[in-house]
Amino acid sequence: MMFNKNNAELILSKSSYPEELKKIAKKVFNNERISFEEGILLYQKAELGFLGVLANYVRENKNGNYVYFNHNFHVEPTNVCVYSCAFCSYSRLIKNKDQGWELSVNEILDIVKKYDNQDVTEVHITGGVVPKQDLKFYTDLFSKIKSYRPNLHIKALTPVEFHYIFKKAKVSYEEGLTLMKEAGLDSLPGGGAEIFNTEIRDKIAGGKCSTDEWLNIHEIWHKMGNHSNATMLYGHIESYEHRIDHMDRLRELQDKTKGFNAFIPLKFRNKDNAMAHINEVSVIEDLRNYAVSRIYLDNFAHIKSYWAMIGRSTAQLSLNFGTDDLDGTIDDTTKIYSMAGSEEKNPKLTTQELVDLIKSAGKIPVQRDTLYNVVKEYTNN
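In what follows, the accompanying structure is described. (Residues numbered from 1 in each chain as written. Predicted model: local features only at pLDDT ≥ 70, side-chain atom pairs only at ≥ 80, totals over all residues. Heavy atoms only, no water.)

**As for the overall build of the protein**
Looking only at helices and strands, one finds 15 helices and 13 strands in the protein. In the protein, which comprises 381 residues, the proportion classed as buried is 59%. Sequence separation of 24 or more characterises 74% of the internal contacts of the protein that already satisfy a separation of 6 or more. Accessible area for the protein stands at about 15,200 Å²; split by element, carbon and sulfur atoms hold 48% of it. (Helix = DSSP H or I, 4+ residues; strand = E, 2+ residues; numbered from the N terminus. Buried < 20%, exposed > 50% of the residue type's maximum accessible area, 1.4 Å probe, protein only. Contact = heavy atoms within 4.5 Å. Areas by Shrake-Rupley, 256 points an atom, 1.4 Å probe, with all protein chains shown as cover.)

Here is the structure:
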């Protein structure tokens, strides 16, 4: 779906659309920010086609017809964790650690070495939280990766991990992040945000870092001159108001720091976790959520559809509802979503498969680095 002037005129003239929705459309087409209440209204009353037109307008204004991906792989140092989040199918409590893994620094370095002859640009490192994978563990790890492969971008650890590590080491967030950066940390992924509403957060992820702590760590990191991503876990026990509240807090911080690269909506998957009784939302709701995210987060350059979590078919559909990034090749190195029941049991795509998937959606594939510098534009092959 390409935006064009006729789409806008159709929406603004169609008698069946409520005036309150037309008002929102006018604001979007005039590049004006919509309000909290208008965000909720889009979830409640807007048809999917209406949302697609608005979201594509924003998307194409920011990124033309480009869809981005990178050459990356994941390392998950452990799936053992001191926390027991109700939505998580991945982690194992320390008392059940025989069901999990805890990699050493050298074992992780061996994984990195497997990519010696490949043009990967990013390693994504995150996992469970355990006492022995502490501040020294990660500063040693980052230093060794950088010594071995200086140009490999290290995107690692969430505020959940940082909060625990820094508290255990008795250092402030500022001190801890400075040590991590000096060791080689380049940027932060967006995980651990879950949902910011305190009541819902306590029910699904009680005990780990709070909303304010999550936002504070990202703000400090941004003020140090660095970038990160942001996520939202949706489709569980939250309401539309909770989703907009979550995005509103991110939008406010982005106004202040301009440090977020991308927003990544993450779908709740219900396999083998304490919330398995909750039905997953439909693909229609996935697309609605991507579109509203693109419309509401007007100060985020990119909305990412994480194909390893949502499945490549839905990820491809999302490119017509505001998303412009599919993450990367991943190379079958993440288990977080396959263990939770995602469609992608062995999450791996070659460059050509990603290029073909993007082109078949009528978009232009662009290989990027982590900070969205263009590596290669695939226009002729």
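**Observations regarding the packing of aromatic side chains**
Within the structure shown, the criterion is met by 14 aromatic pairs. Taken together, a centroid distance of 4.6 Å and an interplanar angle of 5° make the contact between Y43 and Y240 stacked. Here the residue Y43 occupies a position in helix 3 (residues 36–45), and Y240 occupies one in helix 11 (residues 240–257), the gap between them amounting to 197 residues. Y240 sits in the partly exposed class, given a relative accessible area of 27%. With 6.4 Å between their ring centres and 50° between their planes, F166 and Y173 make a pair best called tilted. By the ring-pair criterion, three or more aromatic residues cluster together here, those being F196, W214, F260, F263 and F300. When the ring centre of Y148 is taken as origin, the NZ or CZ atom of K113, which lies over that ring, is 5.3 Å away. (Phe/Tyr/Trp six-rings, centres within 6.5 Å; stacked < 30°, edge-to-face > 60°. Lys NZ or Arg CZ within 6 Å of the ring centre and 35° of its normal.)

**Some thoughts on the sheet that holds strand 12 (residues 364–368)**
Spatial ordering of the open sheet is given by 11-1-12-13, a layout of 4 strands whose pairing is mixed. Here the strands that pair on one side only, and so sit at the sheet edges, are strand 11 (325–328) and strand 13 (374–377). The average undirected angle you get between the axes of adjacent strands in this sheet is 25°. The pairing of strand 1 (residues 66–70) with strand 11 spans 2 bridges and is classified as parallel. Bridge pairing links Y68 to D325 in strand 11. Helix 15 (residues 351–360) contacts strand 1, strand 11 and strand 12 of the sheet and is inclined by roughly 165° relative to strand 1. (Pairing = 2+ DSSP bridges. Axes fitted to C-alpha atoms, helices over the stretch in contact; angles between N-to-C directions.)

**Quick word on the pattern of salt bridges**
What the rule picks out here adds up to 22 salt bridges. Between E219 and K256 there is a salt bridge, with its nearest N and O atoms 3.5 Å apart. Taken together, the residues E219 in helix 10 (residues 211–223) and K256 in helix 11 connect sequence positions 37 residues apart. Two residues, R243 and E238, come together in a salt bridge whose shortest N-O distance is 2.8 Å. Under the relative-accessibility criterion, R243 is labelled buried at 4%. Each of the salt bridges in this network shares a partner with another, and the network as a whole consists of E238, R243, E285 and R288. (Salt bridge = Lys/Arg side-chain N within 4 Å of Asp/Glu carboxyl O.)

**As for helix 7 (residues 159–169)**
Owing to its 3.6 residues per turn, the α-helix brings residues three or four apart onto one side. The complete set of buried residues in helix 7 reads P159, V160, E161, F162, H163, I165 and F166. Looking at the buried residues of helix 7, the elements they touch are helix 6 (135–148), strand 6 (153–156), helix 8 (173–183), strand 7 (187–188) and helix 10. K170 sits one or two positions beyond helix 7 and adopts a positive phi of about 60°.

**Regarding the packing of helix 2 (residues 19–29) against helix 4 (residues 48–63)**
It is at 10 Å that the axes of helix 2 and helix 4 come closest, and there the two elements cross at 15°. Between helix 2 and helix 4, the angle falls in the class roughly parallel. Of the two possible hands of crossing, helix 2 and helix 4 adopt the one that is left-handed. When helix 2 is examined against helix 4, the residues L21, I24, A25, V28 and F29 are found in contact with a partner set consisting of F50, V53, L54, Y57 and V58. Across the contact of helix 2 with helix 4, the residue classes break down as 10 nonpolar, no polar and no charged. (Parallel < 35°, antiparallel > 145°, perpendicular 65-115°, else oblique. Left-handed = near helix turned anticlockwise from the far one by under 90°. Nonpolar A, V, L, I, M, F, W, Y, C, P; charged D, E, K, R; others polar.)

That is the geometry; function is a separate question.
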